[in-house]
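Overview (structure and organization)
In case you want the letters, here they are:
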Amino acid sequence: MKEATLKANWGIEGDAHAGTWHRQISLLSADTVDAFNRQGANVADGDFGENLLAYGLDFPCLPVGTALVCGDVVLRMTQIGKVCHSGCDIQKRMGKCIMPTEGAFARVLHGGILRPGMPIEAYTAQRVFILCASDKGYAGERKDESTPALHHLVTEEGYEVVGTALLPDDRGQLSALMAHICDSYTADLLLTTGGTGLSLRDVTPEATIDIAERMVPGLAELMRLRSLSVTARASLSRSVCATRKQTLIVNLPGSPKAAVENLQAILESLPHGLPILQGTQGECAVDSHI
């Protein structure tokens, strides 16, 4: 097809296999199909009932939970392999069919239009976006040192940083960007830094609450508890943690040292909490195309 329209939590519009289940999209490696044809299979695109063929991705080697990003479309892999239909013509002719072992399936997290040749990225690590809130940083009057410090920490811990942003302490701007990141499934973990104190311009917790679907008070309590062993001023922190869609939002202080210490306090909980939020888990990034 010249293009296909993917609908969130459904699949490809017009596809008989689309629906509110875990196999909304079926995928096959185009390299594997080419190799199968060199054995005499003589199969054309779509003969396996696959929705998407991608070069450069070995789907059975990617863990369930891998995020596939192609343009605006975001997929999350849910299953590797399947039981082949009885009486499959390809299996009768070749003695085997590659779909049961090489095929993969995914849900559509965010919809959009796909066309042949579009680049596709596979993220097997949890994706992180870092948002710094700072009037002075935004005005160029102060260097943002918290974002690089957090970037270094999460990268060392095996996360994939997919974006950063610097905004003023503006409640509307902060909440709008946070909502977009969550709703577009840009990241699995959204870290904010700055705007958590008692200054009248500190509005990051309010901006988070404005767009939150569920609060996660235990993480914020744990950060304050651990920070109190360093300084009594930790009691003044108004940081909150919350979820929207399948993204976890964590407010961190603006100080690089405090931001790192607060995140370190909850790192042990994230490998368990994030997969629960998503229903899956994963681990690195690969570039390819459909």
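Whatever comes next refers back to the structure up there.
Rules behind the numbers
- Residues numbered from 1 in each chain as written.
- Predicted model: local features only at pLDDT ≥ 70, side-chain atom pairs only at ≥ 80, totals over all residues.
- Heavy atoms only, no water.
- Helix = DSSP H or I, 4+ residues; strand = E, 2+ residues; numbered from the N terminus.
- Buried < 20%, exposed > 50% of the residue type's maximum accessible area, 1.4 Å probe, protein only.
- Contact = heavy atoms within 4.5 Å.
- Lys, Arg positive; Asp, Glu negative; His and termini not counted.
- Charge placed at Lys NZ, Arg CZ, Asp CG, Glu CD.
- Arc of directions from axis to C-beta.
- Pairing = 2+ DSSP bridges.
- Polar contact = N/O pair within 3.5 Å; in protein donor to acceptor, adjacent residues only side chain to side chain.
- Salt bridge = Lys/Arg side-chain N within 4 Å of Asp/Glu carboxyl O.
- Phe/Tyr/Trp six-rings, centres within 6.5 Å; stacked < 30°, edge-to-face > 60°.
- Lys NZ or Arg CZ within 6 Å of the ring centre and 35° of its normal.

Let's shift gears to the overall build of the protein chain. Scanning the protein chain for helices and strands turns up 10 helices and 16 strands. Expressed as a percentage of its 290 residues, the buried residues of the protein chain come to 49%. Taking as baseline every contact in the protein chain between residues at least 6 positions apart, the subset at least 24 positions apart corresponds to 77%. Seen as two clouds, the 25 positive and the 33 negative side-chain charges of the protein chain have centres 4 Å apart.

All right, on to helix 5 (residues 146-156) then. Along helix 5, the residues that are buried comprise Ser146, Thr147, Leu150, Leu153 and Val154. Along the long axis of helix 5, the arc covered by the buried residues comes to 130°, so they all point the same way. Opposite the buried face of helix 5, by more than 90 degrees, sit the exposed residues His152 and Glu156. Where the residues of helix 5 are buried, they touch strand 10 (127-133), strand 11 (160-167), strand 12 (189-193), strand 15 (247-252) and helix 9 (256-266). Once helix 5 ends, the next one or two residues include Gly158, with phi positive near 95°.

On to the sheet that holds strand 1 (residues 4-7), then. Where strands meet in a sheet, backbone hydrogen bonds hold them as pairs that are either parallel or antiparallel. Here we have three strands laid out as an open sheet, ordered 2-1-8, and antiparallel in their pairing. Both edges of this open sheet fall to strand 2 (11-12) and strand 8 (112-114), since each of them pairs with a single strand only. Where strand 1 meets strand 8, three bridges bridge the pair, whose relative direction is antiparallel. Note on strand 8: the bridge partner recorded for Thr5 is Ile113.

With that out of the way, let us pick up unusual backbone geometry. Even without glycine at this site, Asn9 takes up a positive phi of about 50°. Overall, Asn9 belongs to the partly exposed group, its relative accessible area being 40%. Phi at Lys245 is positive, roughly 55°, even though this residue is not glycine. For Lys245, the position within the fold is in the loop between strand 14 (241-244) and strand 15.

Tracing the sequence through the fold places Gln246 in the loop between strand 14 and strand 15. A distance of 3.5 Å separates polar atoms of two side chains, one belonging to Gln246 and the other to Arg76. Residues in contact with Gln246, not counting those within four places in the same chain, are Arg76, Leu109, Tyr185, Asp188, Leu277 and Gln278.

For the rest of this paragraph, the subject is the pattern of salt bridges. Per the stated rule, a full pass over the model turns up 10 salt bridges. Taking the shortest distance from any N to any O, the salt bridge between Arg171 and Asp210 comes out at 2.7 Å. Here Asp210 lies in helix 7 (residues 204-211) and Arg171 lies in helix 6 (residues 171-183), a separation of 39 residues in the sequence. Under the relative-accessibility criterion, Asp210 is labelled partly exposed at 43%. Between Arg238 and Glu206 there is a salt bridge, and its shortest N-O distance comes to 2.6 Å. Linking Arg238 in the loop between helix 8 (217-228) and strand 14 with Glu206 in helix 7, this pair joins segments that are 32 residues apart in sequence. On the basis of relative accessible area, Arg238 is assigned to the partly exposed category, the value being 25%. Classification of Glu206 by relative accessible area gives partly exposed; the value is 22%.

Attention shifts here to the packing of aromatic side chains. Scanning the model with the defined rule gives one aromatic pair in all. Both rings, one in Phe36 and one in Phe48, keep their centres 6.1 Å apart while their planes meet at 40°; by these two values the pair is tilted. Placement of Phe36 in helix 1 (residues 30-38) and of Phe48 in the loop between helix 1 and strand 4 (52-54) is noted, with a sequence separation of 12 residues between them. A relative accessible area of 2% means that Phe36 is categorised as buried. Classification of Phe48 by relative accessible area gives buried; the value is 11%. A cation sits over an aromatic face here: Arg23 above Phe105, 4.8 Å from the ring centre.

Burial analysis of strand 6 (residues 73-80) places six of its eight residues in the buried class, the great majority of the element. Bridge count for strand 5 (residues 67-70) against strand 6 is four bridges, and the pairing is antiparallel. Its bridge partner being in strand 6, Cys70 is matched across the sheet by Val73. Once strand 5 ends, the chain turns through two residues before running back antiparallel as strand 6, passing Gly71 with a positive phi of about 65°. Where strand 6 lies against strand 7 (residues 104-110), six bridges are found, and the strand directions are antiparallel. Bridge assignment links Leu75 to a residue of strand 7, and that residue is Val108.

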